[in-house]
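Report on the structure
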Amino acid sequence: MKVQKIIISSFLAVVVVISTVSTFWGDEANPLLIAYANIATANYTDALNDAKTLKEKLKDFTNSPTMVLMENAKAAWLNARESYGQTEAFRLSNGPIDAEEGWHTSYGVPEGRLNAWPLDENMIDYTINAKGKKTTGNIIDTKGIFNPGGESPLAIDVTTITPSVLVALNENGGEANVATGYHAIEFLLWGQDQDYANFMKDSVTHGALVAGQRTLADYTTDANADRRKQYLNAVASLVVSDLESMVSAWADGDSANYKAALLGKNSDTIKNIDTKVALRQIFSGLGVFIKSELANERIAVAVLTPSEEDEHSCFSDNTHRDITQNFQGFKNLLFGTYNSVDYGVALIDAMKDKTKLMNLIVSVNTKINQMNTLAQVSRHFDYQIRPNDTQARQIKKLKNELRAIGDQMIYVAKSNGIDLTVGYITDAQKTKL
Amino acid sequence: MRYLMAIVFLVVSIGVNAVGEKFFNQVIIANVVSAITNTELLIDSINQANSTSAKMQFGNLVSSWKKVETTYLLGDLNEDYLDTPRYIDIFHNNNEDIKSQLDLIINSDDALSSAMYKHSHKTINALEYILFTKNLPHQRVKNMALMITKSIKSYLSEILNGYKAHQSKFFESEQYASAILLNTLVGGTYKLKEWRVGDVAGLSKKFKNRPNNHRAEYAISGNSMNAIKAILATQAQVINSPDYQDFGDIARQFKASKEINQAISALNDSIVNASSMSEFDFINNKGKRLYQSTNRLMKSYYISLMDRLGFVSKVLDADGD
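1. What about the overall build of chain B?
Helix and strand counts for chain B stand at twelve helices and one strand. Listing each helix as α and each strand as β along chain B from the N terminus yields β-α-α-α-α-α-α-α-α-α-α-α-α. Overall, the C-alpha framework of chain B stretches about 75 × 50 × 45 Å when taken along its three principal axes. When each of the 321 residues of chain B is scored for burial, the buried share is 51%. Across chain B, the fraction of contacts at a sequence separation of at least 24, relative to all contacts at a separation of at least 6, is 75%.

2. A closer look at the overall build of chain A
If you tally the helices and strands in chain A, you get 13 helices and five strands. Over its C-alpha trace chain A gives a radius of gyration of 23 Å, about what one expects of a compact globule, namely 22 Å for 433 residues. Its C-alpha atoms give chain A principal-axis dimensions of roughly 70 × 60 × 45 Å. The buried share of chain A, reckoned over its 433 residues, is 51%. The long-range share in chain A, meaning contacts at least 24 apart out of those at least 6 apart in sequence, stands at 68%.

3. Overview of helix H10 (residues 319-335) of chain A
Residue and element names in this part refer to chain A. Spanning 17 residues, H10 covers 24 Å between terminal C-alpha atoms, matching the ideal 24 Å at 1.5 Å per step. Among the 17 residues in H10, 14 count as buried, and that is most of the element. A positive backbone phi angle near 65° is found at Gly336, which sits one or two residues after H10.

4. Thoughts on the confidence of the model for chain B
Atom-level detail of predicted coordinates should not be read off regions where pLDDT is low. On average, residues of chain B score 90 in pLDDT, and 92% of them are at 70 or above. In this model, residues 1-17 of chain B is a region of pLDDT below 50 whose contacts with residues beyond four sequence positions or in other chains number 42 contacts.

5. What about the environment of Lys208(B)?
With respect to the element layout, Lys208(B) can be found in the loop between helix H8 (174-201) and helix H9 (224-239). Here the alpha-carbon distance between Lys208(B) and Asp109(B), two residues 99 residues apart in the chain, equals 44 Å.

6. Some thoughts on unusual backbone geometry
Residue and element names in this part refer to chain A. Residues Trp117 and Pro118 are joined by a peptide bond in cis, for which omega reads -10°. Among the secondary structure elements, Pro118 is positioned in the loop between helix H4 (111-114) and strand S2 (145-146). Between Thr305 and the following residue, Pro306, the backbone shows a cis peptide bond with an omega angle of -20°. Look at Asp317: it is not a glycine, yet its phi comes out positive at around 55°. With respect to the helices, strands and loops of the structure, Asp317 is situated in the loop between helix H9 (275-304) and H10. With 24 C-beta atoms counted inside 10 Å, the residue Asp317 sits in the buried group. The residue Asn339 is not glycine, and still its phi comes out positive at about 50°.

7. Overview of the domain arrangement of chain B
Residues and elements named next belong to chain B. What the domain assignment reports for chain B is domain 1 (16-66 + 74-169) and domain 2 (173-321). Between domain 1 and domain 2, the contact holds 24 residues from the first and 29 residues from the second. At the level of elements, strand S1 (5-18), helix H1 (21-47), helix H2 (51-70) and helix H6 (124-133) are the ones that each hand at least two residues to the side of domain 1 that touches domain 2. The greatest single-element share of the side of domain 1 that touches domain 2, amounting to five residues, is contributed by H2. Along the lines of polarity and charge, the residues of the side of domain 1 that touches domain 2 split into ten nonpolar, ten polar and four charged.

8. A few points about the packing of H9(A) against H10(A)
Residue and element names in this part refer to chain A. Direction vectors running N to C along H9 and H10 enclose 170°, while the axes themselves pass 11 Å from each other. As summarised for this structure, H9 and H10 are arranged roughly antiparallel, according to the angle between their axes. For the pair formed by H9 and H10, the contact residues are Leu286, Phe289, Ile290, Leu294, Arg298 and Ile299 on the first element and Ile323, Asn326, Phe327, Phe330 and Leu333 on the second. Classifying every residue of the contact of H9 with H10 by side-chain character gives nine nonpolar, one polar and one charged.

9. Section: the confidence of the model for chain A
Residues and elements named next belong to chain A. Here chain A shows a mean pLDDT of 90. Residues at 70 or above account for 91%. Considering only residues more than four positions removed or in separate chains, one finds that residues 1-26, a stretch of pLDDT under 50, has 58 contacts. Between residues 427-433, whose pLDDT stays under 50, and residues either more than four places distant or in other chains, the model counts 23 contacts.

10. Examining the environment of Phe282(B)
As for its placement among the helices and strands, Phe282(B) is situated in the loop between helix H11 (257-275) and helix H12 (285-309). Residue Phe282(B) is classed as buried on the basis of its 29 C-beta neighbours within 10 Å.

11. Some details on helix H3 (residues 67-87) of chain A
Residues and elements named next belong to chain A. The terminal C-alpha atoms of H3, which comprises 21 residues, lie 31 Å apart, in line with the 30 Å expected from a rise of 1.5 Å per residue. In H3, a bend of some 25° at Arg81 exceeds every other bend along the element. Along H3, the residues classified as buried are Met70, Ala73, Lys74, Ala76, Trp77, Ala80, Arg81, Ser83, Tyr84, Gly85, Gln86 and Thr87.

12. Remarks on the packing of helix H11 (residues 355-377) of chain A against helix H13 (residues 390-415) of chain A
Residue and element names in this part refer to chain A. It is the contact of H11 with H13, at a shortest axis distance of 9 Å, that shows an interaxial angle of 145°. For H11 against H13, the interelement crossing comes out left-handed. On H13, the residues that touch Lys356, Leu357, Leu360, Ile361, Ser363, Val364, Lys367, Ile368, Gln370, Met371 and Leu374 of H11 are Gln391, Gln394, Ile395, Lys397, Leu398, Glu401, Leu402, Ala404, Ile405 and Gln408. Here the contact of H11 with H13 is built from residues that sort into twelve nonpolar, five polar and four charged.

13. Thoughts on the environment of Pro137(B)
Residue and element names in this part refer to chain B. Looking at the element boundaries, Pro137 is found in the loop between H6 and helix H7 (139-172). In this structure Pro137 comes out as exposed when scored by C-beta crowding, with 11 C-beta atoms within 10 Å. Considered as a pair, Pro137 and Gln48 are 89 residues apart in the sequence and their alpha carbons are 8.5 Å apart. Once you skip the residues sitting within four places of it in the chain, Pro137 turns out to touch Ala49 and Lys142.

Reading the values: rules and limits
Residues numbered from 1 in each chain as written. Chains lettered and ligands numbered in written order. Predicted model: local features only at pLDDT ≥ 70, side-chain atom pairs only at ≥ 80, totals over all residues. Helix = DSSP H or I, 4+ residues; strand = E, 2+ residues; numbered from the N terminus. Buried ≥ 20, exposed ≤ 12 C-beta atoms within 10 Å, placed from the backbone. Contact = placed C-beta atoms within 7 Å. Rg over C-alpha atoms; globule rule 2.2 N^0.38 Å. Expected span 1.5 Å × (residues − 1). pLDDT = per-residue confidence, 0-100. Domains from an automatic or database assignment. Nonpolar A, V, L, I, M, F, W, Y, C, P; charged D, E, K, R; others polar. Axes fitted to C-alpha atoms, helices over the stretch in contact; angles between N-to-C directions. Parallel < 35°, antiparallel > 145°, perpendicular 65-115°, else oblique. Bend = angle between axes of the 7 residues up to and from the residue. Left-handed = near helix turned anticlockwise from the far one by under 90°.

This is how it looks when you write it as structure tokens:
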């Protein structure tokens, strides 16, 4: 047996915080949490305002369906995604958007209603299937009891499509049975882009810069036009009400809400979150979001399968902006800024050697810019991920760098006196040790 | 407001015998070579359109591939190889229904080279569906099975060449080698207990109280326990082998005897629990016992060993479903 004798020198930096957290900050909230919470307030407020505009534009369109108003509605949807995409950095941190447990689940944990994806669009409306046939038996064309199918589904009366009907249908029978949220609206505005038989052939819509091509007739002469209008208005109402709930959770001046609890100021003191627990959840949430959600689920699955179905906004071909804004949301919190406004102490400030992390961020920015440029001038994301496209390799590298940034969050946390252990750096939604 | 922070730097110099060349060759390289051999035997069976033999060889390939996957750290040695396993295996890394896609391909007239353009069409998961639900003597089915198996062989060969090309990085820093090895064990054990056992047994958070044997990794061919046994056997190669300096020996030299002994105990329990299980036992007490022992194994790696050895852990990958 060959045995290799080596000397290992390891430098262990042990940070000992002598004082307790409460002694350190006294009655003042932790400045990291203040910046984080204030960005949440601003970002969710913007997302709500943009969603309200979207709702108005959808109302205008459904009241009087014209091409111009349809384009206005699409523009409003694209704009709404810009602010909402950034809020996704608040996910996976046991906050009100997707907490699994705790009193703040009373805000409705709306993530699954707002942004559930990927969705089985064929449950909502017709598609052209892999055999070239138009599908039926969906929510739009069923005027009565609808069975969504899947695992233990519950049949729902869809005679009138209302917000409560859509809530009852959402993920009823399985995760793919998505009936609500931005992507349901996206499908109802753009329609199918993908060729389910072979996305390389692209025979449903044609062209590298062409998204879904739903016709205006779906809202005018088609037999189910009125039901589509009902659907659009119902789902838009849900998006707005769910974001109103988030804004109330993060509103200033409310001593009983989640923001007050995060900052240790809730009048019901039992609701206040220990500062270290809050920071641990935030650091781990950011790490999991950037690595497991953005890099793995939203990019890796799409480019490695490869699969158009698994690009985030597959009907509108807006995936490049989803990725851009998700990463922007992460940077907002890391650097303590939002819309060029400095919100104070940043998570990265305490990190002594930022070189590796900053180099990764610069490199990711470059790749995201390239992806955006190409999406505007030569080919959408669904063409960039094709196996024979040179850009596919760049997107894989982008994914790898995002993964590395996710791992860096362990060091960022450590710089702030927070050790992350296994319970925190797995996807909290999917596992519990 | 008083604040006092003391920073203490400890320089620890520890002389250890590292996981080295013998482990690398006898476990990592040998397992890849074995998997390549199994693809060749499977190709022979497919060429003969011998369905019985092909199914048996598929089982052998599952076993040898899982051994490669269990210690797969080539992506840490060179980032270009990070995704190679996903071109072989898409368990929990895919949202699509590849079965319906494969059915379409079988029934279409398109040339296979263009019809099977997706990586997911050429994985071991696709091969299982083709070999165990389709008629192998059918020429198009046979051609698809051949294309898939050759693709798997090609990626395994790429892995073998990659290890040989980048082995120096594994040898030059044994501390780094040990750290990536432990992180690989952690990631693999998490997937073992959560995806391969917990999701099926209805014990994972995602499928709490909803057991379903159809969620097993190789539910179609009945090779799920075969895969799990291969994973556990490979972990024994890593932490409890009498034949070479293994990770268990390293841990002891780092004064982590208690922690590694706990891991070995949990691993041995898992091996015993798995040995008595059939494909249909996930949803009964046997499945529960395996979940519990693999959970102990996970914790002993992650919480005890990682901490004791001072290695920095990574954010664990969530699944793609």
